[in-house]
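Next come the chains, spelled out residue by residue.
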Amino acid sequence: MLFLIVLYRRAPWPVRMLTLAVLFIVFVSTIVRVHKAVHAIQERNTNVHTRRNPR
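Residues numbered from 1 in each chain as written. Predicted model: local features only at pLDDT ≥ 70, side-chain atom pairs only at ≥ 80, totals over all residues. Heavy atoms only, no water.

### Points about the overall build of the protein
At step 1: Per the secondary structure count, the protein includes two helices and zero strands.
At step 2: The buried share of the protein, taken over its 55 residues, is 2%.
At step 3: When the accessible surface of the protein is totalled, it reaches about 5,700 Å², and 68% of it is carbon and sulfur. (Helix = DSSP H or I, 4+ residues; strand = E, 2+ residues; numbered from the N terminus. Buried < 20%, exposed > 50% of the residue type's maximum accessible area, 1.4 Å probe, protein only. Areas by Shrake-Rupley, 256 points an atom, 1.4 Å probe, with all protein chains shown as cover.)

Laid out in structure tokens, this is it:
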């Protein structure tokens, strides 16, 4: 990890921006995947969204 930090500090600014963009895309896509997985699990459980005694 320390090696990567040293490489990042010595890299020119376009490489730094590209690295930050890739990390941001990975971060956002991970959040989206977790969000979709949670909703898929909730859809499988029929008692999550519906009430037992509707009025």
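This is not the end of the story, as more comes after the structure.
### Some remarks on the packing of aromatic side chains
At step 1: Applying the stated criterion to the full structure yields zero aromatic pairs.
At step 2: In this structure, arginine 16 is placed above the aromatic ring of tyrosine 8, and the distance from its NZ or CZ to the ring centre is 5.4 Å. (Phe/Tyr/Trp six-rings, centres within 6.5 Å; stacked < 30°, edge-to-face > 60°. Lys NZ or Arg CZ within 6 Å of the ring centre and 35° of its normal.)

### Focus on the packing of helix 1 (residues 2-10) against helix 2 (residues 13-44)
At step 1: Orientation of helix 1 relative to helix 2, taken along the N-to-C sense of each, is 130°, at an axis distance of 8 Å. Relative to helix 2, helix 1 is oriented oblique. Contacts between helix 1 and helix 2 involve Tyr8, Arg9 and Arg10 from the first element and Arg16, Thr19 and Leu20 from the second.
At step 2: Tallied by class, the residues present in the contact of helix 1 with helix 2 amount to two nonpolar, one polar and three charged. (Axes fitted to C-alpha atoms, helices over the stretch in contact; angles between N-to-C directions. Parallel < 35°, antiparallel > 145°, perpendicular 65-115°, else oblique. Contact = heavy atoms within 4.5 Å. Nonpolar A, V, L, I, M, F, W, Y, C, P; charged D, E, K, R; others polar.)

### Things to note about a nonpolar patch on the surface
At step 1: Together, Met1, Leu2, Phe3, Leu4, Ile5, Val6 and Leu7 line one region of the surface with nonpolar side chains, adding up to about 780 Å² of accessible area.
At step 2: Relative accessible area serves as the criterion here: at 38%, isoleucine 5 is assigned to the partly exposed category. (Patch = residues over 30% accessible without salt bridge, like charges linked within 9 Å, V, L, I, M, F, W, Y side chains within 5 Å. Salt bridge = Lys/Arg side-chain N within 4 Å of Asp/Glu carboxyl O.)

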